[in-house]
Amino acid sequence: MSDDPFHEVVEALPTIGLYVEPTGDDLSLWLVNGEEMTDTGLIKLAALLGLVSGSATIQ
């Protein structure tokens, strides 16, 4: 895993069967199983699922 939290999340979510890809060159928007979410939402999802350390209350 990387020191970059976004790379860590992008690597962790597929391990539980979620498909994750950037929407384009802007890494602040992502598609997770076809649903668009922000980079913050991506990290919150991973925290809620217990895949990364951190708080799911990130704003």
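Before reading further, recall that the structure is shown in the block above.
About the cut-offs
- Here the residue numbering is sequential within each chain, running from 1 through the sequence in written order.
- Given that the model is predicted, a residue must reach a pLDDT of at least 70 before its local features are reported, and side-chain atom pairs must reach 80 or more before they are shown or counted; all residues, however, enter totals for whole chains, interfaces and linings.
- Side-chain measures here rest on the full set of heavy atoms in the structure, leaving out hydrogens and waters.
- Helix and strand labels come from DSSP, where a helix needs a run of H or I of at least four residues and a strand needs a run of E of at least two; each type is numbered from the N terminus.
- Burial classes: relative accessible area under 20% of the type maximum marks a residue as buried, over 50% as exposed, and values in between as partly exposed (1.4 Å probe, protein chains only).
- Only heavy atoms matter for contacts: two residues are in contact if any of them lie within 4.5 Å across the pair.
- Working definition of accessibility: Shrake-Rupley area with a 1.4 Å probe, residue cover restricted to the visible protein chains.
- Here, the term nonpolar core denotes a set of buried Ala, Val, Leu, Ile, Met, Phe, Trp, Tyr and Cys residues that are joined through side-chain atoms within 4.5 Å.
- Pairing between two strands requires that DSSP report at least two bridges joining them.

**Digging into the overall build of the protein**
Within the protein, the regular secondary structure consists of 2 helices and 3 strands. Counting helices and strands in the order they occur from the N terminus, the protein gives α-β-β-β-α. Evaluated residue by residue, the protein yields a buried proportion of 22% over its 59 residues. Contacts in the protein between residues at least 24 apart in sequence constitute 26% of all its contacts with a sequence separation of at least 6. Accessible area of the protein: about 3800 Å², with a carbon and sulfur share of 53%.

**Points about the nonpolar core**
Judged by nonpolar contacts, V9, L13, L18, V20, W30, V32, L42, I43, A46, A47 and V52 together constitute the single largest core of 11 residues. Per-element tally for this core: the top contributor is helix α2 (residues 39-48), with 4 residues. Apart from residues lying up to four places away in sequence, V20 is in contact with V10, L13, P14, W30, L31, V32 and L42.

**Considering unusual backbone geometry**
If you check the backbone angles, N33 has positive phi at about 50 degrees while not being a glycine. Note that N33 resides in the loop between β2 (29-32) and β3 (35-38).

**As for the pairing of β2**
Residues W30 and V32 line the buried face of β2, whereas the alternating positions L29 and L31 sit on a face that is not buried. The pairing of strand β1 (residues 20-22) with β2 spans 3 bridges and is classified as antiparallel. By the bridge assignment for β2, V20 is matched with V32. In sequence, β1 turns back onto β2 through a hairpin of 6 residues. Judged from the 4 bridges that link them, β2 and β3 form a sheet pairing that is antiparallel. In the sheet register, W30 faces β3, and the bridge partner there is M37. Hairpin connection from β2 to β3: 2 residues lie between these consecutive antiparallel strands, with N33 at a positive phi of about 50 degrees.

The values are spatial; any link to function lies outside them.
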